[in-house]
Amino acid sequence: MVLFRSLVWGLAAIALSIFSTASNAAEISELRIDWATYNPVGLLLKKQGILEKEFEKDGIKIRWVQSAGSNKALEFLNAGSIDFGSTAGAAALLGRINSNPVKSVYVYSRPEWTALVTRPDTGIDKVADLKGKRIAVTRGTDPHIFLERALADAGLTEKDVTLVLLQHADGRLALQRGDVDAWAGLDPLMAAAEVEDGAKLFYRKPENNTWGVLNTSEDFAAEHPAIVNRVIAAYEKARAEAIAHPDELKAVLIEATKLPEGVIDKQIERTDISHSRIGSEQNETIVSAGLALQKAGVIAADVDVKATTDKLIDVSFAPASQ
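Note that the structure is a prediction, hence the values are computed from the model and not measured.

Thresholds applied
Residues numbered from 1 in each chain as written. Predicted model: local features only at pLDDT ≥ 70, side-chain atom pairs only at ≥ 80, totals over all residues. Heavy atoms only, no water. Helix = DSSP H or I, 4+ residues; strand = E, 2+ residues; numbered from the N terminus. Rg over C-alpha atoms; globule rule 2.2 N^0.38 Å. Buried < 20%, exposed > 50% of the residue type's maximum accessible area, 1.4 Å probe, protein only. Contact = heavy atoms within 4.5 Å. Areas by Shrake-Rupley, 256 points an atom, 1.4 Å probe, with all protein chains shown as cover. Lys, Arg positive; Asp, Glu negative; His and termini not counted. Charge placed at Lys NZ, Arg CZ, Asp CG, Glu CD. Pairing = 2+ DSSP bridges. Axes fitted to C-alpha atoms, helices over the stretch in contact; angles between N-to-C directions. Core = buried A, V, L, I, M, F, W, Y, C linked by side-chain atoms within 4.5 Å. Parallel < 35°, antiparallel > 145°, perpendicular 65-115°, else oblique. Left-handed = near helix turned anticlockwise from the far one by under 90°. Nonpolar A, V, L, I, M, F, W, Y, C, P; charged D, E, K, R; others polar. Expected span 1.5 Å × (residues − 1). 1 Å grid on protein atoms, 1.4 Å probe; cavity = no way out; pocket = protein on both sides within 12 Å on 5 of 7 lines; lining within 4 Å. Points joined across faces, edges and corners; volume = space filled by probe spheres on them.

Participant: Explain the overall build of the chain to me, using residue names and the numbers behind them.
Facilitator: Of regular secondary structure, the chain possesses 14 helices and 11 strands. By the compact-globule yardstick of 20 Å for 322 residues, the chain fits well, its C-alpha radius of gyration being 21 Å. Projected onto its principal axes, the C-alpha positions of the chain cover 85 × 45 × 30 Å. For the chain, buried positions account for 53% of its 322 residues. For the chain, the share of sequence-separated contacts (at least 6 apart) that also reach a separation of at least 24 residues comes to 80%. Within the structure as shown, the chain displays about 14200 Å² of accessible surface, and the carbon and sulfur contribution to it stands at 54%. Charged side chains in the chain number 36 positive and 44 negative. The centres of these two groups are separated by 1 Å.

Participant: A description of the sheet that holds strand S5 (residues 116–118) should follow, citing residues and the corresponding values.
Facilitator: Remark on secondary structure: sheet strands pair via backbone hydrogen bonds, oriented parallel or antiparallel. If you trace the 5 strands from one edge of the open sheet to the other, you get S7-S6-S8-S5-S9, paired in mixed fashion. At either end of the open sheet lies a strand with only one pairing partner, and these are strand S7 (162–165) and strand S9 (200–203). Each strand axis lies, on average, 35 degrees off the axis of its neighbour in the sheet, ignoring direction. The sheet contact formed by S5 and strand S8 (residues 182–184) spans 3 bridges and is antiparallel. For Leu-116, the partnering residue across the bridge sits in S8 and is Ala-184. On top of the sheet, helix H7 (residues 168–177) reaches S5, strand S6 (134–137) and S8; it is set at about 165 degrees to S8, its chief contact. Where helix H8 (residues 189–197) meets the sheet, its contacts fall on S5, S8 and S9, and the angle it forms with S8 comes to roughly 145 degrees.

Participant: Can you explain the nonpolar core? Please cite residues and give values.
Facilitator: Counting 69 residues, the largest nonpolar core has Leu-31, Ile-33, Leu-45, Leu-51, Val-231 and Tyr-235 as the members making the most contacts within it. Per-element accounting of this core gives the leading share, 8 residues, to helix H10 (residues 225–244). Excluding residues that lie within four positions of it along the chain, Tyr-235 makes contacts with Ile-33, Asn-39, Val-41, Gly-42, Leu-45, Ser-86, Tyr-106, Tyr-108 and Leu-214. Judged by nonpolar contacts, the second largest core, of 17 residues, contains Phe-146, Ala-150, Val-161 and Phe-202.

Participant: Quick one: what's the story with the packing of helix H5 (residues 89–97) against helix H13 (residues 280–295), residue by residue and with numbers?
Facilitator: Orientation of H5 relative to H13, taken along the N-to-C sense of each, is 60 degrees, at an axis distance of 9 Å. Relative to H13, H5 is oriented oblique. Every pair of crossing elements has a handedness; the one defined by H5 and H13 is right-handed. Residues Gly-89, Ala-90, Leu-93 and Leu-94 of H5 touch H13, and the partners they reach there are Ile-286, Ala-289, Gly-290 and Leu-293. Looking at side-chain class alone, the contact of H5 with H13 contains 6 nonpolar, 2 polar and no charged residues.

Participant: Hey, could you go over H10 for me, with residue numbers and the actual values?
Facilitator: Spanning 20 residues, H10 covers 29 Å between terminal C-alpha atoms, matching the ideal 28 Å at 1.5 Å per step. Every buried residue of H10 is accounted for by Ala-226, Ile-227, Val-228, Arg-230, Val-231, Ile-232, Ala-234, Tyr-235, Glu-236, Ala-238, Arg-239 and Ala-242.

Participant: Account for empty space enclosed by the protein, naming residues and giving values.
Facilitator: In the structure shown here, the tally under the stated rule is 2 cavities of 30 Å³ or more. Considering only enclosed or pocket space, the largest cavity measures out at about 40 Å³ in volume. In terms of lining residues, the largest cavity is bounded by Tyr-38, Gly-69, Ser-70, Ala-88, Trp-113, Thr-141, Asp-142, Pro-143, His-168 and Leu-186. Looking at the lining of the largest cavity residue by residue, the classes come out as 5 nonpolar, 4 polar and 1 charged.

Participant: An account of the side chain of Asn-71 is requested, with residue identities and associated values reported.
Facilitator: Mapped onto the elements, Asn-71 comes out in helix H4 (residues 70–79). On the accessibility criterion, Asn-71 (13% relative accessible area) is buried. For Asn-71, the contacting residues outside a window of four places in its chain are Thr-138, Arg-139, Gly-140, Thr-141 and Gln-167.

Participant: Account for the environment of Leu-173, with residues named and values stated.
Facilitator: Mapped onto the elements of the fold, Leu-173 is located in helix H7. Through-space distance from the C-alpha of Leu-173 to that of Asp-197 is 9.9 Å; in sequence the pair is 24 residues apart.

Participant: Please give an account of the pairing of strand S1 (residues 30–35) that cites residues and values.
Facilitator: Looking along a regular strand, one sees the side chains alternate between the two faces of the sheet. With 5 of 6 residues buried, S1 is to be regarded as a mostly interior element. In this structure, S1 lies alongside strand S2 (residues 61–66), joined through 6 bridges in parallel fashion. Opposite Arg-32, over in S2, you have Arg-63 as the bridge partner.

Set out below in structure tokens:
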């Protein structure tokens with residue numbers, strides 16, 4: 001009798017789980033997800049139509065929206081115009097501090113995607129040389145955070161330089177034209193500046209590049225956990241494909257960016273896609289960035305960086321393959 005009752009309860013639980021997943025999907029007619037040239041795995045996901053195939057049986061359409069930078073992805077998430085957005089980990093932290101209720105649920109890369117860039121004719125060789133100079137930067141992104149940390153390490157602040165606020169592509173053009181002296185760059189545009197413009201990366205510090213993370217909103221994560229898990233599973237399929245077929249990854253990057261193979265080679269060699277589980281390692285990196293920004297005065301002194309990072313990172317959606 002006890003065994004029979006346990007079996008009944010077990011079957012009921014399975015049925016409830018199936019019903020919950022189905023009803024969760026039935027509430028949604030469209031999933032809005034971003035694509036970005038700094039997220040190669042996401043580009044392959046889009047190209048191969050993996051999400052479209054996954055959600056076709058539910059009648060859920062996939063709408064792709066381009067994010068030109070972490071700041072734009074966070075704006076879209078905060079406005080409710082996308083359900084999933086690609087950012088740097090530290091950028092997501094800044095969003096969370098600024099009352100954007102994002103949740104980081106997945107890692108799409110561990111990149112060295114930012115460095116400080118200048119032209120060969122500026123005479124800039126080190127961060128200290130930036131004093132009094134004009135620097136192009138996209139506020140609220142990993143390049144901006146990287147720049148702030150570099151200035152602080154050199155004993156400088158924003159007051160010692162002039163920040164020219166531009167989106168990443170415009171920052172590269174401004175450096176190329178001579179409108180600014182330096183640029184907090186982002187791949188693949190930074191790689192293009194190296195290869196095509198002869199720009200030099202005068203300050204590199206890979207450990208100060210924070211992880212590439214996939215985010216959703218707090219409400220979406222709470223209301224549609226099954227959908228979040230299915231999106232992550234689709235990302236895992238794309239990541240496995242990218243690792244198994246690097247030429248395919250390169251081809252999709254070339255197609256999306258319209259940049260030559262030599263540029264994309266540089267981007268790929270600086271992008272590690274062997275990680276996907278979000279957890280303590282990302283937490284530590286993001287906290288370190290946040291504390292450095294707090295010391296530099298970018299984040300208010302009364303913000304609890306560790307507690308905010310703990311609220312940002314959601315480990316409950318770990319990929320099934322890891």
